[in-house]
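# Results of the structural survey
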Amino acid sequence: LRLDPRDGCGEQIDCLGFARPRLGRIFWYQQQFDSALAVFESLSPAGWFPEHALVLGNLGRPKEGLELLSSQRQNADIASVQALLLAQLGRATEALTRIQTVRSGRVRSHFHHAQFNIACAYARLGQAREAVEALRATADNGLPNYPLFRDDPNLQSLKGNPEYEQLLGRLKTDWERRRLLVSPQN
């Protein structure tokens, strides 16, 4: 943002830019939900609705998250967040219906975000096998975020599950190897 204060927006008044919304995502990935919410609220009314709604859910406000998404055009990201929020509310049948909507829809290059939300919804619903399968697909399709998989509150029910722990072990090894590429030790 210091290098490009316009954040790639040119002259567009309603442009969100590239970096600002991702700051909210970084805070969310780090489980700093209050900071993430502050970023997403600063982007309103044009904000990043799916991730804003996720953060509300993680702050114990899933109904507000659903309300935020209620007027948005449906896509895989929106439906996957709705599935997670519905699972947080204990509305299993509706959550599973939203998951099926996501899985039957058009797949795009960043589908790993929707897959992660699906994994969280399955974990919330007590469907560990499906949750781990979705997490594995998330990692294999471009989001191998070990700390997120380890710390996300929606995945806590998976702790101790052998397949989940095995996946975490693989991701931790990869994470540490990649970290050395960025910050080599002397």
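Scroll up to find the structure this text is about.
All values derive from a computational prediction rather than experimental measurement. (Residues numbered from 1 in each chain as written. Predicted model: local features only at pLDDT ≥ 70, side-chain atom pairs only at ≥ 80, totals over all residues. Heavy atoms only, no water.)

What follows is about the packing of aromatic side chains. Scanning all chains against the criterion turns up three aromatic pairs. On the basis of an interplanar angle of 25° and a centroid distance of 5.7 Å, the ring pair of Phe 116 and Phe 149 is categorised as stacked. In this pair, Phe 116 is assigned in helix α7 (residues 112-124) and Phe 149 in helix α9 (residues 146-151), connecting sequence segments 33 residues apart. Overall, the relative accessible area of 0% leaves Phe 149 in the buried class. What links up through ring pairs into an aromatic cluster is the set Trp 28, Tyr 29, Phe 116 and Phe 149. (Phe/Tyr/Trp six-rings, centres within 6.5 Å; stacked < 30°, edge-to-face > 60°. Helix = DSSP H or I, 4+ residues; strand = E, 2+ residues; numbered from the N terminus. Buried < 20%, exposed > 50% of the residue type's maximum accessible area, 1.4 Å probe, protein only.)

Time to look at the pattern of salt bridges. Counted under the stated rule, the structure contains eight salt bridges. Between Arg 61 and Glu 64 there is a salt bridge, with the nearest N and O atoms lying 2.9 Å from each other. Overall, the relative accessible area of 30% leaves Arg 61 in the partly exposed class. Between Glu 94 and Arg 91 there is a salt bridge, with its nearest N and O atoms 2.8 Å apart. On the basis of relative accessibility, which here comes to 37%, the residue Glu 94 falls in the partly exposed class. Looking at Arg 91, the relative accessible area reads 35%, which means it is partly exposed. Residues joined by salt bridges that share partners form a network here, namely Arg 129, Glu 130 and Glu 133. (Salt bridge = Lys/Arg side-chain N within 4 Å of Asp/Glu carboxyl O.)

With that settled, consider the side chain of His 112. In this fold, His 112 is placed in helix α7. Judged by its relative accessible area of 7%, His 112 falls in the buried class. Within the structure, the side chain of His 112 is placed 3.3 Å from the side chain of His 113, a separation counted as a polar contact. A polar atom in the side chain of His 112 sits 2.8 Å from the backbone oxygen of Asn 141. (Polar contact = N/O pair within 3.5 Å; in protein donor to acceptor, adjacent residues only side chain to side chain.)

The residue Gln 31 is not glycine, and still its phi comes out positive at about 65°. Its place among the elements puts Gln 31 in the loop between α1 (19-29) and α2 (33-42).

As a further point, take the environment of Leu 3. Note on placement: Leu 3 falls in the segment before α1. Along the sequence, Leu 3 and Gly 142 sit 139 residues apart, while their C-alpha atoms lie 27 Å from each other.

A separate point is α2. Within α2, burial applies to Phe 33, Ala 36, Leu 37, Val 39 and Phe 40. Take α2 and look down its axis: the buried residues cluster within an arc of 160°, on one side only. Facing away from the buried surface of α2 by more than 90 degrees, the exposed residues are Asp 34 and Ser 42. Here the buried face of α2 lies against α1 and α3 (49-58). (Arc of directions from axis to C-beta. Contact = heavy atoms within 4.5 Å.)

Together, Leu 1, Leu 23 and Ile 26 make up an exposed nonpolar region whose accessible area comes to about 250 Å². Structurally, the position occupied by Leu 1 is in the segment before α1. On the basis of relative accessible area, Leu 1 is assigned to the partly exposed category, the value being 45%. (Patch = residues over 30% accessible without salt bridge, like charges linked within 9 Å, V, L, I, M, F, W, Y side chains within 5 Å. Areas by Shrake-Rupley, 256 points an atom, 1.4 Å probe, with all protein chains shown as cover.)

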